[in-house]
Structures are given as C-alpha cells and as structure tokens.
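Structure at a glance
Single-letter residue listing:
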Amino acid sequence: MKAATGLLWINALHFCAGADVSGGIVIGAIAPIISYMRGWEIERVRSYCLAKRWELWEVGADPAGLR
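Definitions and cut-offs
- Residues numbered from 1 in each chain as written.
- Predicted model: local features only at pLDDT ≥ 70, side-chain atom pairs only at ≥ 80, totals over all residues.
- Heavy atoms only, no water.
- Helix = DSSP H or I, 4+ residues; strand = E, 2+ residues; numbered from the N terminus.
- Buried < 20%, exposed > 50% of the residue type's maximum accessible area, 1.4 Å probe, protein only.
- Areas by Shrake-Rupley, 256 points an atom, 1.4 Å probe, with all protein chains shown as cover.
- Pairing = 2+ DSSP bridges.
- Axes fitted to C-alpha atoms, helices over the stretch in contact; angles between N-to-C directions.
- Contact = heavy atoms within 4.5 Å.
- Arc of directions from axis to C-beta.

1. Observations regarding the overall build of the protein chain
Within the protein chain, the secondary structure is distributed over one helix and four strands. Ordered by position in the sequence, the α and β elements of the protein chain form the string β-β-β-α-β. Counting every position in the protein chain, which comprises 67 residues, the buried fraction comes to 37%. For the protein chain, the accessible area works out to roughly 4200 Å², and carbon and sulfur atoms hold 61% of it.

Next up, the structure:
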C-alpha cells in the first residue's frame, strides 16, 4: 500500500470539517467534531462517510483510491 499523505474534507448537513492524513492514517490537525476519527485508516473514513451519506474530499491523500 502506498503511503498516503494529505488532507481530508468532510461536508455534512450540519458541519464541514477537515483532518490531516499521514501514512494513510488520520493524524495531526483534526477538527474537533471528527476527533474520534484520529487513528483511523483512510478506507475506514471512506466507508463511514459513505454510510452517513457525507461528502468526502481527499486532497493528496490517496490518488489511486479516489472515486
């Protein structure tokens, strides 16, 4: 698996939030509303956002995995 580094942006009905990704893991600066995602792998974040019907944007996080 490629080491992924970049940013995640989540847009939901009641909030917008961002987080840093390094090595495919959510770490570093994370918006307080999604702080529970600290330590999650990108794939878990994708699945969670899909289940919640949240929009997820990945900037430089994992180009091969973009939809």
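2. Examining the sheet that holds strand β2 (residues 16–22)
Each strand in a sheet pairs with its neighbour through backbone hydrogen bonds, running either in the same direction (parallel) or in the opposite one (antiparallel). Overall, antiparallel pairing links the four strands, which are arranged β3-β2-β1-β4 in an open sheet. If you trace the sheet from one side to the other, it starts and ends with β3 (25–30) and β4 (55–59), each paired once. The sheet shows a mean angle of 30° between the axes of neighbouring strands, taken without regard to direction. Bridge count between β2 and β3: four bridges; the pairing is antiparallel. Within the sheet, the bridge partner assigned to A19 lies in β3 and is I30. Of the strands in this sheet, β1 (5–11), β2, β3 and β4 touch helix α1 (residues 42–52), which is tilted by about 155° from β4.

3. Overview of unusual backbone geometry
Backbone phi values are negative for most residues with the exception of glycine, while trans is the configuration of most peptide bonds. Unusually for a residue other than glycine, R53 sits at a positive phi of about 65°. Along the chain, the position of R53 falls in the loop between α1 and β4. Classification of R53 by relative accessible area gives exposed; the value is 78%.

4. Let's talk about α1
All buried positions along α1 are accounted for by I42, V45, R46 and C49. Viewed along the axis of α1, the buried residues span an arc of 100°, placing them on a single side of the element. Here the buried face of α1 lies against β1, β2, β3 and β4. Once α1 finishes, R53 follows within two positions and takes phi at roughly 65°, a positive value.

Read these as geometric descriptors, not functional statements.
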